[in-house]
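Observations on chain architecture
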Amino acid sequence: MADHIHELFDKDGNPIGALLSAEAWAVVRDDVLARLGLAEQSTPPEKPEPLGDWETLQEYWDFDYPVDTDVTCSVCGNTTEDWAADDPRKFRLTAANLAGLVSFQCRNCLTKVVKKHFKDTIVTECTPFQGEKLQNKEGRY
């Protein structure tokens, strides 16, 4: 286990921290978070919606059709005519860019809804949420 822990020292030899391998962190994570009083915060806070990116896309909109605000989840059937006007939101904006790629997360089933805006058409793709990561797609350090 010694090769999984690397202690860090400053120039005077004083300890300043430690690096743990992914395997070592998996073993001690819950205990460390509990001892530091961070067990309740084990899930990261939700990032804010990138509304600035959405506004930039609208500002530079040059497609022949009007800005489209309807979103539909083909997995659970959740739908809205204007995602930004809903209160509470049925869909959460997760990304938007000038190329016309806009993605949402369905608040009902966590499906990823991607809208690809092309010159004369919109293509919508829905990818169901996977609670468990696929082992062959996980990053290893």
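Criteria and cut-off values
Residues numbered from 1 in each chain as written. Predicted model: local features only at pLDDT ≥ 70, side-chain atom pairs only at ≥ 80, totals over all residues. Heavy atoms only, no water. Helix = DSSP H or I, 4+ residues; strand = E, 2+ residues; numbered from the N terminus. Expected span 1.5 Å × (residues − 1). Bend = angle between axes of the 7 residues up to and from the residue. Core = buried A, V, L, I, M, F, W, Y, C linked by side-chain atoms within 4.5 Å. Buried < 20%, exposed > 50% of the residue type's maximum accessible area, 1.4 Å probe, protein only. Contact = heavy atoms within 4.5 Å. Phe/Tyr/Trp six-rings, centres within 6.5 Å; stacked < 30°, edge-to-face > 60°. Polar contact = N/O pair within 3.5 Å; in protein donor to acceptor, adjacent residues only side chain to side chain. Pairing = 2+ DSSP bridges. Axes fitted to C-alpha atoms, helices over the stretch in contact; angles between N-to-C directions.

Residues that lie three or four places apart on an α-helix share one face, since the helix turns once every 3.6 residues. The end-to-end C-alpha separation of helix 1 (residues 22–35) is 19 Å, in line with the 20 Å expected for 14 residues at 1.5 Å each. Residue Val28 marks the point of greatest curvature in helix 1, where the axis turns by about 55 degrees. Positioned one or two residues after helix 1, Gly37 has a phi angle of 75 degrees, which is positive.

As a further point, take the nonpolar core. Counting residues in hydrophobic clusters, the biggest one holds 15 residues, and the most contacted among them are Trp54, Trp83, Phe91, Leu93, Val102 and Phe104. For this core, the elements supplying multiple residues, two or more each, are helix 2 (51–59), strand 5 (91–96) and strand 6 (101–106). With sequence-adjacent residues up to four places away left out, Val102 is seen in contact with Trp54, Leu57, Leu93, Ala95, Ala96, Val113, Val114, Lys115 and His117.

Looking at where Leu93 falls in the secondary structure, it is placed in strand 5. The class of Leu93 is buried, set by a relative accessible area of 0%. The spatial distance from the C-alpha of Leu93 to the C-alpha of Leu51 is 7.7 Å, given a sequence separation of 42 residues.

Moving on: the packing of aromatic side chains. One pass over the full model with this rule turns up five aromatic pairs. Relative to Phe63, the ring of Trp61 has its centre 4.8 Å away and its plane inclined at 75 degrees; by these criteria the two rings are edge-to-face. Per residue, the accessibility class of Trp61 equals that of Phe63, and both read buried. Following the ring pairs from residue to residue traces out a cluster consisting of Trp54, Trp83 and Phe104.

What follows concerns the side chain of Ser103. Mapped onto the elements, Ser103 comes out in strand 6. Polar side-chain contacts of Ser103 include one of 2.8 Å to the side chain of Thr94. Excluding residues that lie within four positions of it along the chain, Ser103 makes contacts with Arg92, Leu93, Thr94, Ala95, Lys112, Val113 and Val114.

Moving on, we get to the sheet that holds strand 5. If you trace the four strands from one edge of the open sheet to the other, you get 5-6-7-8, paired in antiparallel fashion. In the strand order of this sheet, the two ends are held by strand 5 and strand 8 (122–127), each with one partner. The mean angle between the axes of side-by-side strands here comes to 20 degrees, regardless of whether they run parallel or antiparallel. As defined by bridge partners, strand 7 (residues 112–117) adjoins strand 8 across six bridges and the pair is classed as antiparallel. Residue pairing in the sheet places Lys112 in a bridge with Thr127 of strand 8. Against the sheet, helix 2 touches strand 5 and strand 6, its axis set at about 65 degrees to strand 5.

The next thing to look at is the environment of Arg92. In this structure, Arg92 sits in strand 5. What makes Arg92 buried here is its relative accessible area of 7%. Taking the C-alpha atoms as reference points, Arg92 and Cys106, 14 residues apart in sequence, are found 6.5 Å from one another. Those residues in contact with Arg92, other than ones at most four positions away along the chain, are Glu46, Lys47, Pro48, Glu49, Ser103, Phe104, Gln105 and Arg107. In terms of polar contacts, Arg92 uses its side chain to reach the side chain of Glu46, at 3.3 Å.

Read these as geometric descriptors, not functional statements.
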